[in-house]
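What follows is each chain in one-letter form.
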Amino acid sequence: QKEVEQDPGPLSVPEGAIVSLNCTYSNSAFQYFMWYRQYSRKGPELLMYTYSSGNKEDGRFTAQVDKSSKYISLFIRDSQPSDSATYLCAILTGGGNKLTFGTGTQLKVEL
Amino acid sequence: EPEVTQTPSHQVTQMGQEVILRCVPISNHLYFYWYRQILGQKVEFLVSFYNNEISEKSEIFDDQFSVERPDGSNFTLKIRSTKLEDSAMYFCASSPGQPTPYGYTFGSGTRLTVV
C-alpha cells in the first residue's frame with residue numbers, strides 16, 4: 001500500500017467554484033499534514049499545514065484532517081484562474097524531517 | 001521573503017559524466033534536503049543533511065550520489081556517472097528545525113537532462 005495516495009486529476013472547474021482536493025495515507029505515525037502548490041517547472045510552495053484532526057482556514061483555503069479515516073482534504077473557495085496549478089499533499093513524520101508526497105492533483109480554473 | 005536558490009536552472013550532461021547541482025539554503029536554516037521529481041511522477045525524498053552529516057537518506061540515494069556543504073552557504077548534490085534515468089527535476093530545500101513544516105522551503109529546482 002502506498003504511503004500517500006492522491007487522485008492525479010486533471011480537475012477542471014469554472015471560476016468561482018469550490019474545489020475539493022483529497023489524499024489518503026496509510027501510516028498512523030504521520031503527524032503533520034501539508035498542502036503544497038506547484039506551478040509548472042517550479043518548486044513546491046507551502047500553502048498550509050495542520051498537526052491534528054480538524055479544520056484550519058487561511059483565506060479562501062481550508063485544510064481538513066480526519067485521522068480516524070486517514071483522510072486529508074484541501075478546499076478552495078471562490079476559485080480563481082491564478083489557482084491553476086498542481087496541488088500536492090505531503091506528510092511529515094513526527095520523528096523525522098522527510099516529506100512524503102502524493103502524486104499531485106492538476107487543477108485548472110477556467111474563466 | 002527569504003528563498004532557496006538553485007543553480008543552474010537547467011543542465012544537460014552526457015551519460016557517464018559527473019554533475020554537481022548547487023543550492024544556497026536560507027541563511028539561518030539548519031536542515032538541508034534534496035528531492036527529485038521525474039517527469040510526471042511524484043516528488044521523492046533523496047537525503048537530509050544536518051550538522052555536516054547525512055541524517056536520513058532514501059533507497060534512491062545510493063553510492064552514485066553524495067552531498068556536501070563545502071562552505072557556510074552552499075549545499076551541493078553530486079551525481080557520479082549519470083544515467084539516462086537520472087533525468088529529473090532536482091529540488092533543494094531547507095528548514096529551520098525539525099520536526100515541523102514551518103519554514104520548510106523549496107528552491108525552484110534544477111532540470112537535469114542526461115543524453
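Throughout what follows, the structure given in this document is the object of discussion. (Residues numbered from 1 in each chain as written. Chains lettered and ligands numbered in written order. Predicted model: local features only at pLDDT ≥ 70, side-chain atom pairs only at ≥ 80, totals over all residues. Heavy atoms only, no water.)

Regarding the sheet that holds strand 7 (residues 65–68) of chain B
Residue and element names in this part refer to chain B.
Okay, so step 1: The strand order across the open sheet formed by 4 strands is 1-3-8-7, and the pairing between neighbours is antiparallel. Every other strand in the sheet has two partners, leaving strand 1 (5–7) and strand 7 as the edge strands with one partner each. Neighbour-to-neighbour, the strand axes of this sheet turn through a mean angle of 20°, independent of strand direction.
Okay, so step 2: In the sheet, strand 1 pairs with strand 3 (residues 19–24) via 3 bridges, with the strands oriented antiparallel. Pairing of T5 across the sheet is with V24, part of strand 3. (Pairing = 2+ DSSP bridges. Helix = DSSP H or I, 4+ residues; strand = E, 2+ residues; numbered from the N terminus. Axes fitted to C-alpha atoms, helices over the stretch in contact; angles between N-to-C directions.)

Quick notes on the state of the cysteines
All names here are of chain A.
Okay, so step 1: A full pass over the atoms with the stated rule returns 2 disulfides over all chains.
Okay, so step 2: Between the sulfur atoms of C23 and its disulfide mate C89 the distance is 1.9 Å. Sign of the S-S torsion, about -100° for the bond between C23 and C89, identifies this disulfide as left-handed. Of this pair, C23 sits in strand 3 (residues 19–25) while C89 sits in strand 9 (residues 85–93), and the two are 66 residues apart along the sequence. (Disulfide = S-S within 2.5 Å.)

A look at unusual backbone geometry
Okay, so step 1: The peptide bond linking G9(A) to P10(A) adopts the cis configuration, its omega dihedral lying at 10°.
Okay, so step 2: As for its placement among the helices and strands, P10(A) is situated in the loop between strand 1 (4–6) and strand 2 (11–14).
Okay, so step 3: A cis geometry characterises the amide bond from T7(B) onward to P8(B), with omega recorded as -10°.
Okay, so step 4: Here P8(B) is to be found in the loop between strand 1 and strand 2 (10–13).
Okay, so step 5: The phi dihedral of N51(B) is positive, around 55°, even though this residue is not glycine.
Okay, so step 6: Along the chain, the position of N51(B) falls in the loop between strand 5 (44–50) and strand 6 (53–57).

Things to note about the packing of aromatic side chains
Okay, so step 1: Within the structure shown, the criterion is met by 17 aromatic pairs over all chains.
Okay, so step 2: Ring plane angle 55° and centroid distance 4.9 Å describe the contact between Y32(A) and Y51(A), whose orientation is recorded as tilted. Of this pair, Y32(A) sits in strand 4 (residues 30–38) while Y51(A) sits in the loop between strand 5 (45–50) and strand 6 (54–58), and the two are 19 residues apart along the sequence.
Okay, so step 3: Owing to a relative accessible area of 44%, Y51(A) belongs among the partly exposed residues under this scheme.
Okay, so step 4: A centroid spacing of 5.5 Å and a plane angle of 75° characterise the contact between Y35(B) and F45(B), whose relative ring orientation is edge-to-face. Placement of the pair is Y35(B) in strand 4 (residues 31–37) and F45(B) in strand 5, with a sequence separation of 10 residues. The pair formed by Y35(B) and F45(B) is uniform in burial state, with each residue classed as buried.
Okay, so step 5: Grouped by ring-pair contacts, the aromatic residues Y36(A), F101(A), Y33(B), Y35(B), F45(B), Y104(B) and F106(B) constitute a single cluster. (Phe/Tyr/Trp six-rings, centres within 6.5 Å; stacked < 30°, edge-to-face > 60°. Buried < 20%, exposed > 50% of the residue type's maximum accessible area, 1.4 Å probe, protein only.)

Section: the interface of chain B and chain A
Accessible area lost during the coming together of the parts is what is often quoted as the interface size.
Okay, so step 1: Taken residue by residue, the interface counts 22 residues in chain B and 23 residues in chain A.
Okay, so step 2: Carbon and sulfur atoms supply 57% of the area that chain B and chain A bury against each other, a total of about 1900 Å² over both sides.
Okay, so step 3: In this assembly, chain B and chain A are joined by 0 salt bridges.
Okay, so step 4: In this assembly, chain B and chain A are joined by 5 residue pairs in polar contact (both at pLDDT 80 or more).
Okay, so step 5: Elements represented by at least two residues in the side of chain B that touches chain A include exactly strand 4, strand 5, strand 6 and strand 9 (88–95) of chain B.
Okay, so step 6: The element that contributes the greatest number of residues to the side of chain B that touches chain A is strand 4 of chain B, accounting for 4 residues.
Okay, so step 7: Class assignment of the residues belonging to the side of chain B that touches chain A gives a composition of 12 nonpolar, 7 polar and 3 charged. (Contact = heavy atoms within 4.5 Å. Buried area = accessible area lost by both parts, 1.4 Å probe. Salt bridge = Lys/Arg side-chain N within 4 Å of Asp/Glu carboxyl O. Polar contact = N/O pair within 3.5 Å; in protein donor to acceptor, adjacent residues only side chain to side chain. Nonpolar A, V, L, I, M, F, W, Y, C, P; charged D, E, K, R; others polar.)

Topic: the environment of V67(B)
Residue and element names in this part refer to chain B.
Okay, so step 1: Tracing the backbone shows V67 in strand 7.
Okay, so step 2: Sequence separation between V67 and Y33 is 34 residues; the distance between their C-alpha atoms is 9.4 Å.
Okay, so step 3: In this structure V67 touches W34, V47, F49, I54, F61, F75, T76 and L77, once residues within four positions along its chain are discounted.

Description of the pattern of salt bridges
It is possible for side chains bearing opposite charge to pair when their charged atoms get close.
All names here are of chain A.
Okay, so step 1: Using the criterion set out here, one finds 4 salt bridges over all chains in the structure.
Okay, so step 2: In this structure, the salt-bridge partner of E57 is R77, at a minimum N-O distance of 3.4 Å. With a gap of 20 residues between them, E57 in strand 6 and R77 in the loop between strand 8 (71–76) and strand 9 connect regions that are remote in the sequence.
Okay, so step 3: On the accessibility criterion, E57 (60% relative accessible area) is exposed.
Okay, so step 4: Between R60 and D83 there is a salt bridge, with its nearest N and O atoms 2.8 Å apart. Separated by 23 residues along the polypeptide, R60 in the loop between strand 6 and strand 7 (61–66) and D83 in the loop between strand 8 and strand 9 bring together distant segments of the chain.

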